[in-house]
Amino acid sequence: MGKFEGILICSDLDDTLLTTDKKVSDENIQSIEYFKSEGGLFTFATGRVPIGAEIMLEHITPNAPMVCFNGGAVYDFNLRKTLWSRSLDKNAVQAVEYINKMFDFVGIEICTETKIYFSKTNKIVKEHQAAENLPDNPLDYHYVSDDWKKVLFMSESEQIPLIRKAISDSPFADKYTFVQSSPWYYELLPKNSNKGEGLIKLASLLNIDQSMTIGIGDNENDLMLVKMAGKGIAVANAIEELRIAADYVTSADNNSSAIAEVIAAIESGYIKL
């Protein structure tokens, strides 16, 4: 039996596993491969959709299904199949209309199981599309008939607080989950969707006890991942709220192999499961 047998690590991607320039350090790659070779299960817990996460396979190949859509689904890369998912109800269009009418500057992306629709484009939307090499797919959100998995409201970082405030004062605040996933993205998700719930569902599918799970992240959308994992880890560059909630804060940030530090701490017994 490998020394990491029965342990599941779910790591956020952007600003956790990935460096600022969207790469994975050699030290992280080597440590993750070692972790897997000794029986450990490693995967992503990301806000990305499967098509957006697949670009990461150039760097790391998970050996467990991925938590995606910020906890709204579990996707198996090997089977190219969604194992479990939640969808927004049909009334979510009203929340999108509300924000769209209130803010001319907001960009809007609608994410379904297999596609991202660019319903309203701005500078941030164009940058997102280019960064993840997403195919051009413009369509007014009123005409996106596939089940919606999530919606991204996208703007300059200084405008996000305006969107947050508008949502908190709206009749939609308690009907859905809203979370900030980057300085430029505010997301609309099905009620009670979060990475922590996704981790628990994944662990159940894999017959892994919750106490043997590790969730690693940096931002607001990683908070429940860190809180609900057997051991919650914040990387050094994480927001303060996440650092407070975590069982362990790495000395390394996303640009200096934080994941390798976590794996070494498990092996040494500093992080006990």
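Preceding block: the structure.
Everything quoted here is computed from the prediction, not taken from an experiment.

*Asks:* Account for the layout of surface pockets, with residues named and values stated.
*Replies:* If you add up the space inside the largest pocket, you get close to 600 Å³. When contributions to the lining of the largest pocket are tallied by element, the ones reaching two or more residues are helix H1 (13-17), helix H5 (123-131), strand E8 (150-154), strand E9 (177-182) and strand E10 (185-189). For the lining of the largest pocket, the leading source of residues is H5, giving four residues. A breakdown of the residues in the lining of the largest pocket according to their chemical character gives 11 nonpolar, eight polar and 13 charged. In this structure, the second largest pocket encloses a volume near 160 Å³. Around the second largest pocket sit Asn 70, Arg 164, Thr 177, Val 179, Leu 189, Ser 193, Asn 194, Lys 195, Glu 220, Asn 221, Leu 223 and Met 224, which together line it.

*Asks:* Please provide a residue-by-residue account of a nonpolar patch on the surface, values included.
*Replies:* On the surface, a nonpolar cluster with roughly 260 Å² of combined accessible area is contributed by Leu 79, Leu 83 and Leu 205. Among the structural elements, Leu 205 can be located in helix H7 (residues 195-205). The exposure class of Leu 205 is partly exposed, given its relative accessible area of 41%.

*Asks:* I'd like a rundown of the pattern of salt bridges, residues and numbers included.
*Replies:* Considering all chains together, one arrives at 15 salt bridges under this definition. Among the salt bridges present, the one from Glu 33 reaches Lys 36, with a minimum N-O distance of 3.1 Å. Taken together, the residues Glu 33 and Lys 36, both in helix H2 (residues 26-37) and three residues apart, mark about one turn of the helix. Relative accessible area serves as the criterion here: at 37%, Glu 33 is assigned to the partly exposed category. The residue Lys 195 makes a salt bridge to Asp 222 at a minimum N-O spacing of 2.6 Å. Here the residue Lys 195 occupies a position in helix H7, and Asp 222 occupies one in the loop between strand E11 (213-217) and helix H8 (223-228), the gap between them amounting to 27 residues. Take Asp 222: its relative accessible area is 0%, and that puts it in the buried class. Linked by salt bridges that have partners in common, Asp 14, Lys 22, Arg 48 and Glu 132 make up one network.

*Asks:* Describe the packing of aromatic side chains, naming the residues involved and giving the relevant values.
*Replies:* What characterises a pair of aromatic rings is the spacing of the ring centres plus the angle enclosed by the ring planes. According to the stated counting rule, one finds nine aromatic pairs in the structure shown. When the ring of Phe 42 is compared with that of Phe 44, the centres are 6.3 Å apart and the planes differ by 85°; the resulting orientation is edge-to-face. Phe 44 shares its class with Phe 42; the two are buried. Where Phe 103 meets Phe 105, the ring centres are 5.1 Å apart and the plane angle is 35°; that geometry is what we call tilted. Since its relative accessible area comes to 24%, Phe 105 is described here as partly exposed. Here the aromatic cluster, defined as three or more aromatic residues joined through ring pairs, consists of Phe 42, Phe 44, Tyr 75 and Phe 77.

*Asks:* If you had to explain the packing of H2 against helix H10 (residues 258-268) to someone new, which residues and values would you point to?
*Replies:* Running from N to C, H2 and H10 cross one another at 35°; their axes reach a closest spacing of 7 Å. The hand of the H2/H10 crossing is left-handed. Contacts from Glu 27, Asn 28, Ser 31, Ile 32, Tyr 34 and Phe 35 in H2 reach Ala 258, Ile 259, Ala 260, Ile 263 and Glu 267 in H10. Here the residues of the contact of H2 with H10 sort into seven nonpolar, two polar and two charged.

Scoring rules and cut-offs
- Residues numbered from 1 in each chain as written.
- Predicted model: local features only at pLDDT ≥ 70, side-chain atom pairs only at ≥ 80, totals over all residues.
- Heavy atoms only, no water.
- 1 Å grid on protein atoms, 1.4 Å probe; cavity = no way out; pocket = protein on both sides within 12 Å on 5 of 7 lines; lining within 4 Å.
- Points joined across faces, edges and corners; volume = space filled by probe spheres on them.
- Helix = DSSP H or I, 4+ residues; strand = E, 2+ residues; numbered from the N terminus.
- Nonpolar A, V, L, I, M, F, W, Y, C, P; charged D, E, K, R; others polar.
- Patch = residues over 30% accessible without salt bridge, like charges linked within 9 Å, V, L, I, M, F, W, Y side chains within 5 Å.
- Areas by Shrake-Rupley, 256 points an atom, 1.4 Å probe, with all protein chains shown as cover.
- Salt bridge = Lys/Arg side-chain N within 4 Å of Asp/Glu carboxyl O.
- Buried < 20%, exposed > 50% of the residue type's maximum accessible area, 1.4 Å probe, protein only.
- Phe/Tyr/Trp six-rings, centres within 6.5 Å; stacked < 30°, edge-to-face > 60°.
- Axes fitted to C-alpha atoms, helices over the stretch in contact; angles between N-to-C directions.
- Left-handed = near helix turned anticlockwise from the far one by under 90°.
- Contact = heavy atoms within 4.5 Å.

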